[in-house]
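The residues making up each chain are set out below.
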Amino acid sequence: MAQAYSPGLTVTDSIVLRKERILPLKGKVLVKKGDKVKANDFVAETLLPGKVVPFNLANKLGVDPKFMKDYIKIKEGDILKKGTMLAQTKGFFGMFKSIVKSPIEGEVESISTLTGQLLLREPRIPVQVAAFMDGVVVDIIPEEGVIIENKSAYVQGIFGIGGETNGEIKVLADAPDAILDPAKIDDSCKDKIIVCGAIATLAVIKKAQKVGVAGIITGGIDDQDLKDLLGYDIGVAITGHEEIGLTIVATEGFGNINMAKKTFELMKQFEGHKTSIHGFTQIRAGVMRPEIIIPIKFEVEELKVKEAKMSELLIGTTIRVIRQPNFGMIGKVTGLPEKLTPVESETLVRILEAELEDGQKVTLPRANVEVIEE
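Residues numbered from 1 in each chain as written. Predicted model: local features only at pLDDT ≥ 70, side-chain atom pairs only at ≥ 80, totals over all residues. Heavy atoms only, no water.

**Considering the pattern of salt bridges**
Once the charged atoms of two side chains with opposite charge are near each other, the side chains can pair. Threshold: What makes a salt bridge here is a side-chain nitrogen of Lys or Arg within 4 Å of a carboxyl oxygen of Asp or Glu, nothing more. Working definition: helices are DSSP H or I runs of at least four residues, strands are E runs of at least two. Numbering for both runs from the N terminus. Each residue gets one of three labels from its accessible area relative to the maximum for its type: buried under 20%, exposed over 50%, partly exposed in between, using a 1.4 Å probe on protein chains only.
One pass over the structure, following the stated rule, counts 14 salt bridges. Measuring nitrogen to oxygen at the nearest pair gives 3.4 Å for the salt bridge that ties Arg289 to Glu370. Residue Arg289 is found in the loop between strand S20 (274-278) and strand S21 (291-295), and its partner Glu370 is found in strand S29 (residues 369-373); the two are separated by 81 residues along the sequence. Overall, Glu370 belongs to the buried group, its relative accessible area being 5%. Within the structure, one salt-bridge network assembled from shared partners comprises Glu252, Arg289, Arg320 and Glu370.

**Thoughts on the pairing of S20**
To be explicit about the condition: We call two strands paired when DSSP finds no fewer than two bridges between them.
Counting buried positions over the five residues of S20 gives four, a clear majority of the element. The sheet contact formed by strand S16 (residues 165-171) and S20 spans four bridges and is antiparallel. The residue of S20 that forms the bridge with Asn166 is Ser276. One ladder, built from three bridges, connects S20 with S21; its direction is antiparallel. Within S21, the position partnered with Ile277 by the bridge is Ile292.

**Concerning the nonpolar core**
The test is simple: Think of a nonpolar core as a cluster: buried Ala, Val, Leu, Ile, Met, Phe, Trp, Tyr and Cys residues, connected wherever their side-chain atoms sit within 4.5 Å. The contact criterion used is simple: two residues touch if any of their non-hydrogen atoms lie within 4.5 Å.
Formed by 25 residues in total, the largest nonpolar core has its most connected members in Ile161, Ile185, Ile194, Val213, Ile216 and Ile248. For this core, the secondary structure elements donating two or more residues are strand S15 (159-161), helix H2 (202-211), strand S18 (215-221), helix H3 (223-230) and strand S19 (247-254). Apart from residues no more than four positions distant in its own chain, Ile248 is found in contact with Phe159, Gly160, Ile161, Ile205, Ile216, Thr218, Ile221, Leu229 and Gly279. One finds Leu9, Ile169, Met259 and Phe270 within the second-largest nonpolar core, a separate group that totals 24 residues.

**Some remarks on a negative patch on the surface**
Inclusion rule: Patch definition: residues above 30% relative accessible area lacking any salt bridge, with like charges linked at up to 9 Å and the nonpolar side chains Val, Leu, Ile, Met, Phe, Trp and Tyr linked at up to 5 Å. Where accessible areas are quoted, they stem from the Shrake-Rupley method and a 1.4 Å probe; at the residue level, only the protein chains shown are allowed to cover. A residue counts as positive if it is Lys or Arg and as negative if it is Asp or Glu; His and the chain ends are not included. A single reference atom marks each charge: NZ on Lys, CZ on Arg, CG on Asp, CD on Glu.
Taken together, the side chains of Glu265, Glu355, Glu357 and Asp358 define an acidic patch exposed on the protein surface. Its location among the elements puts Glu355 in strand S27 (residues 351-356).

**Some details on helix H4 (residues 261-269)**
What counts here: When we speak of the arc, we mean the arc of directions from the helix axis to the C-beta atoms.
Within H4, the full set of buried residues consists of Thr263, Phe264, Leu266 and Met267. Down the axis, H4 shows its buried residues gathered within 155 degrees of arc, on one side only.

**Looking at the side chain of Asn368**
Locating Asn368 in the fold gives a position in the loop between strand S28 (361-365) and S29. For Asn368, a relative accessible area of 18% puts it in the buried group. Each residue touching Asn368, except ones within four places of it in the same chain, is listed here: Arg320, Val321, Ile322 and Arg323.

**Quick look at the confidence of the model for the chain**
Heads up, the rule is: What pLDDT conveys is the predictor's confidence in a given residue, as a value from 0 to 100.
Overall, the predicted model of the chain reaches an average pLDDT of 90, with 95% of residues at or above 70. Of all helices and strands in the chain, the one with the weakest mean pLDDT is strand S1 (residues 4-5) (55), whereas strand S17 (residues 193-195) scores best (98).

**Details of the sheet that holds strand S11 (residues 117-121)**
On the basis of which strands lie adjacent, the open sheet formed by four strands has the order S6-S11-S10-S7 and antiparallel pairing. Of all strands in the sheet, those bounded by a partner on one side alone are strand S6 (52-56) and strand S7 (79-80). Where S6 and S11 come together, five bridges link them in antiparallel fashion. Within the sheet, the bridge partner assigned to Phe55 lies in S11 and is Leu118.

**A short note on H2**
When we look at burial in H2, the residues that qualify are Leu202, Val204, Ile205, Ala208 and Val211. In this structure, the buried side of H2 is in contact with S17, S18, H3 and S19.

Have a look at this one:
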């Protein structure tokens, strides 16, 4: 029997998650296998090289580079403070000496007596990698990082901005189709992950920034609001690196779109629970989706990650419609006719039959849906 596959995303109240937490350069791992970690715990750290500053010492001394070695007071690898003496001329009968001092704090990278040039390097920049989610360290990658696993309620979003953050879930919307009044965001929302309904308007986002909200989970977000918020068009770039003081995860897409009932119910079910979210989104090759991770209690023996596989369309599979006129609606597959069927464009395509959340029975091209894995 033929099998049908479709792009999918996950919305579930229980899944075993595995996350690699890797340094950008080799460094030091701070935890060991079996350790239980919290989202904000640092698990690895390294030092990134500082900025290189060229400095022409021969010119400063007013001497030919080949004579520079007679005056220089430093060597490669020396640690410098701002104002450390780099070189000093002998002067005339011990008088009128020229002294050249370091313009920066850092270290001496290299000295060239051919060009008279010094390369000074500013102090190294410490980089620490946090666990991001509560869990257990199940493996160590020496000098690079760790692998963490846990059991969580889990939602993959469609689009997001802002980096990794965490906080308690606070549901402010009354229903999945609600449009949140900014007045509902008060000081009790500080450091929380607030849940809107169908859309997070610019006014809501601005109020959340002012109050100190850690993150927003919303059904949709308006493209023009995003442009006004960021000051530029987001385009097809990789998102998640915006520095706007909070993270936003849109679970359904762009515009005023009701949050999926299952997603909204999950947020209600876990209100008050700590959650980790990020807005990293990449549409092209190496697809990344924003994530909502709500750790739940588990025993280490339960941590068996399912093998990744293509999402399969079967009778009873939950789907989301990703084209108009039913864009964003959730439903269940009720039929998978194998015969090719003509659509409006007169193209012959494979279709599916589905019943949507509102009871509507529809026929859709299979390319117009994505599977929601539960």
